Amino acid sequence: MKIAVCVKQVPDATVAKKIDPATMRLDRSGEAALNPTDLNAVEEALRTKEAQGGEVVLVSMGPEKAVDSLRKALAMGADRAVLVSDESVAGSDLLGTSRALAAVLEREAPDLVFFGQASSDGDGALLWAAVADRLRRPVISQVAALTVETGSVIGKRQTEHGYDVISAPLPVVIGVSDAINEPRYPSLKGIMGAKSKPQETLGLAALELDAARVGDAGAGTAVRELAPPPSRGDTVRLEDDGSAAQKVFDLIVERKLL
């Protein structure tokens, strides 16, 4: 069984996120890491491989330095990585990103495609659906438990009102929640072997993609203006020195809110 996991390099959680005023994009010049819920997707792919056999292929899009983040997933046990890296993809929105990832997945023809539910930088939670639509494959999102059977999968899906249990035929796209598993830590052997695993970098030409359909040129959305959030008006900040409750009460009384 061939299993693909779409992963993304995002700003590290310890880095203060800011927007580049020149490009109106997220500044990605600082420390980076794999998107947290993508680690759950990698873990589920590895568990599926251990149960069913086959290989796990990482698929990503980003700058060349993104291979540094991909190595963590390779160290966890993924077999190889494919990175789409091309100057023309900079500024891609959901449309361009899904188009590039789908092109790689069509090339790889996996039985299962895993996504983390959402990225920590964009938090759109729609990429898995857009890729599934381009591939014309069924998709199950918010999967908290997965069973892989011969020719199909059964996903237990989290909802606001409980759980849905959904069956879908292979090949299928799965968006996992962080409740599905606890990602493993890479072993020392895995870390040492990660650099020697196949890591392929592809440009648009190799995928036969038109530069006009990705990046800024192919984006269906655009940021026109950036501004700080509006003022909340007259606010009072209370420092807690042990009497915060009394201060809050006094303020409520003063403003005749009680």
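Here's what I pulled together on the structure shown here. (Residues numbered from 1 in each chain as written. Predicted model: local features only at pLDDT ≥ 70, side-chain atom pairs only at ≥ 80, totals over all residues. Heavy atoms only, no water.)

### Let's talk about the sheet that holds strand 11 (residues 162–169)
The sheet built from nine strands is open, its strands ordered 11-10-9-12-8-1-6-7-13 with mixed pairing. At either margin of the open sheet sits one strand with a lone partner, and together these are strand 11 and strand 13 (199–202). Between one strand axis and the next, the sheet turns through 30 degrees on average, direction left out of account. Two strands pair when backbone bridges link them, and strand 6 (residues 55–61) and strand 7 (residues 80–84) are joined in this way by five bridges, in the parallel orientation. Pairing of Val59 across the sheet is with Val82, part of strand 7. Each of strand 1 (2–6), strand 6, strand 8 (112–116), strand 9 (139–149) and strand 12 (172–176) touches helix 1 (residues 36–52); the most contacted strand, strand 8, lies at about 150 degrees to it. Its contacts with the sheet place helix 2 (residues 67–76) against strand 6, strand 7 and strand 13, and it is angled at close to 155 degrees to strand 7. (Pairing = 2+ DSSP bridges. Helix = DSSP H or I, 4+ residues; strand = E, 2+ residues; numbered from the N terminus. Axes fitted to C-alpha atoms, helices over the stretch in contact; angles between N-to-C directions. Contact = heavy atoms within 4.5 Å.)

### Considering the nonpolar core
One finds Val5, Phe114, Val153 and Ile174 to be the most contacted residues of the largest nonpolar core, which totals 34 residues. Sorting the residues of this core by element identifies strand 1, helix 1, strand 6, helix 2, strand 7, strand 8, strand 9 and strand 12 as the ones contributing at least two each. Broken down by element, this core gets its largest block of residues, six residues, from helix 2. Counting residues in each nonpolar core, the second largest holds 26 residues, with Val84, Val113, Leu209 and Val214 among its members. (Core = buried A, V, L, I, M, F, W, Y, C linked by side-chain atoms within 4.5 Å. Buried < 20%, exposed > 50% of the residue type's maximum accessible area, 1.4 Å probe, protein only.)

### Here we look at the packing of helix 3 (residues 94–108) against helix 4 (residues 127–135)
At a closest axis distance of 9 Å, the pairing of helix 3 and helix 4 adopts a crossing angle of 55 degrees. Between helix 3 and helix 4, the interaxial angle falls into the category oblique. The handedness of the crossing between helix 3 and helix 4 is right-handed. The residues of helix 4 that touch helix 3, namely those facing Leu94, Leu95, Thr97, Ser98, Arg99, Leu101, Ala102, Leu105 and Glu106, are Leu127, Ala130, Val131, Arg134 and Leu135. (Parallel < 35°, antiparallel > 145°, perpendicular 65-115°, else oblique. Left-handed = near helix turned anticlockwise from the far one by under 90°.)

Remember, this is a structural readout, not a statement about activity or role.
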